[in-house]
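If you want the building blocks of each chain, they are given just below.
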Amino acid sequence: DTGVSQDPRHKITKRGQNVTFRCDPISEHNRLYWYRQTLGQGPEFLTYFQNEAQLEKSRLLSDRFSAERPKGSFSTLEIQRTEQGDSAMYLCASSLTSGTYNEQFFGPGTRLTVL
Amino acid sequence: AQKITQTQPGMFVQEKEAVTLDCTYDTSDQSYGLFWYKQPSSGEMIFLIYQGSYDEQNATEGRYSLNFQKARKSANLVISASQLGDSAMYFCVPFHGGSQGNLIFGKGTKLSVKP
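1. Overview of the overall build of chain B
Counting its secondary structure elements, chain B contains zero helices and 11 strands. Seen in sequence order, chain B has helices and strands lined up from the N terminus as β-β-β-β-β-β-β-β-β-β-β. A globule of 115 residues ought to have a C-alpha radius of gyration of about 13 Å, and chain B, at 14 Å, matches this closely. The buried share of chain B, reckoned over its 115 residues, is 48%. When the accessible surface of chain B is summed, it comes to about 5,700 Å², and 48% of that surface belongs to carbon and sulfur atoms.

2. Quick look at unusual backbone geometry
For the bond running from A:Asp7 to A:Pro8, omega is -5°, close enough to zero to count as cis. Positionally, A:Pro8 belongs in the loop between strand E1 (5-7) and strand E2 (10-13). Unlike most non-glycine residues, A:Arg81 shows phi in positive territory, near 45°. You will see that B:Ala81, though not glycine, has its phi angle at about 45°, which is positive. For B:Ala81, a relative accessible area of 38% corresponds to the partly exposed category.

3. Quick notes on the interface of chain B and chain A
Taken together, the 18 residues of chain B in the interface contact 21 residues of chain A. Here chain B meets chain A over a buried area of about 1,600 Å², counting both sides, of which 55% is carbon and sulfur. Put simply, chain B and chain A have zero salt bridges between them. Seen at the junction of chain B and chain A, the total is four residue pairs in polar contact (both at pLDDT 80 or more). Broken down by secondary-structure element, the contributors of at least two residues to the side of chain B that touches chain A are strand E5 (32-39), strand E6 (46-52) and strand E10 (88-96) of chain B. Counting residues per element, the side of chain B that touches chain A draws most heavily on E5(B), which supplies three residues. A class-by-class count of the residues in the side of chain B that touches chain A yields nine nonpolar, seven polar and two charged.

4. Let's talk about the sheet that holds strand E7 (residues 65-68) of chain A
Residues and elements named next belong to chain A. Taken together, the four strands give an open sheet; going across it, the order is E1-E3-E8-E7, and neighbouring strands pair in antiparallel fashion. Of all strands in the sheet, those bounded by a partner on one side alone are E1 and E7. Taking the axes of each pair of neighbouring strands and ignoring which way they run, one obtains an average angle of 15° across the sheet. Summarising the sheet, E7 and strand E8 (residues 75-79) pair through four bridges and their orientation is antiparallel. Following the sheet pairing, Ala67 is matched in E8 by Leu77.

5. A closer look at the state of the cysteines
Counting across every chain of the model gives two disulfides over all chains. Here A:Cys23 engages in a disulfide with A:Cys92; their sulfurs sit 1.8 Å apart. One disulfide, between A:Cys23 and A:Cys92, carries an S-S torsion of -65° and so falls in the left-handed class. One end of the pair, A:Cys23, is in strand E3 (residues 19-24); the other, A:Cys92, is in strand E9 (residues 88-95), with 69 residues separating them in the sequence. Since its relative accessible area comes to 0%, A:Cys23 is described here as buried. Across a sulfur-sulfur distance of 2.0 Å, B:Cys23 and B:Cys92 are joined as a disulfide pair.

What counts and what doesn't
Residues numbered from 1 in each chain as written. Chains lettered and ligands numbered in written order. Predicted model: local features only at pLDDT ≥ 70, side-chain atom pairs only at ≥ 80, totals over all residues. Heavy atoms only, no water. Helix = DSSP H or I, 4+ residues; strand = E, 2+ residues; numbered from the N terminus. Rg over C-alpha atoms; globule rule 2.2 N^0.38 Å. Buried < 20%, exposed > 50% of the residue type's maximum accessible area, 1.4 Å probe, protein only. Areas by Shrake-Rupley, 256 points an atom, 1.4 Å probe, with all protein chains shown as cover. Contact = heavy atoms within 4.5 Å. Buried area = accessible area lost by both parts, 1.4 Å probe. Salt bridge = Lys/Arg side-chain N within 4 Å of Asp/Glu carboxyl O. Polar contact = N/O pair within 3.5 Å; in protein donor to acceptor, adjacent residues only side chain to side chain. Nonpolar A, V, L, I, M, F, W, Y, C, P; charged D, E, K, R; others polar. Pairing = 2+ DSSP bridges. Axes fitted to C-alpha atoms, helices over the stretch in contact; angles between N-to-C directions. Disulfide = S-S within 2.5 Å.

Laid out in structure tokens, this is it:
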């Protein structure tokens, strides 16, 4: 059984660089979510997809952030011109709209450190 | 909008004892649900249990059970027979059935199990 996977697990970058994260959801799940979690806080919603359509974006998702889910399977989250404030754990989750509770299953996260 | 309050930023429990993590919420919705998630230090968010607002019985899942008091708008998580591996952050997360599904997390409660 493969759960949600994320790659890379850790990323260290210099300020101003671009980074891209990948999320592979549970195979039959049609919804995919991105969250950001900073130290001492709960995760904050960034955006979500239903199949390949991006249906909602948070105000937290500035124009430096872009997410795609081109074929309705895996998703990528790109951050351009990274800033130190972008340092956080980026969590991906997936769910099935016809699931019992529409519960979201999370991946292990990608920890980003911007120097 | 829904608001969650977890009044215990940190809790300690002796191994093998039971512990209750408090959660109160504020919503005007008639139909809603509540998830509890666990986040160990590794970072992965783990779904534990779900309670629907129309469920007549308190949800149970193994050593986890909910003390759901709808009139008081509380959904406390009870962990029986605590284990060292239960040491983690715990988040009570509301879910409105008509929403797009993005979850709104609070700051959670940190549980430490002592040997």
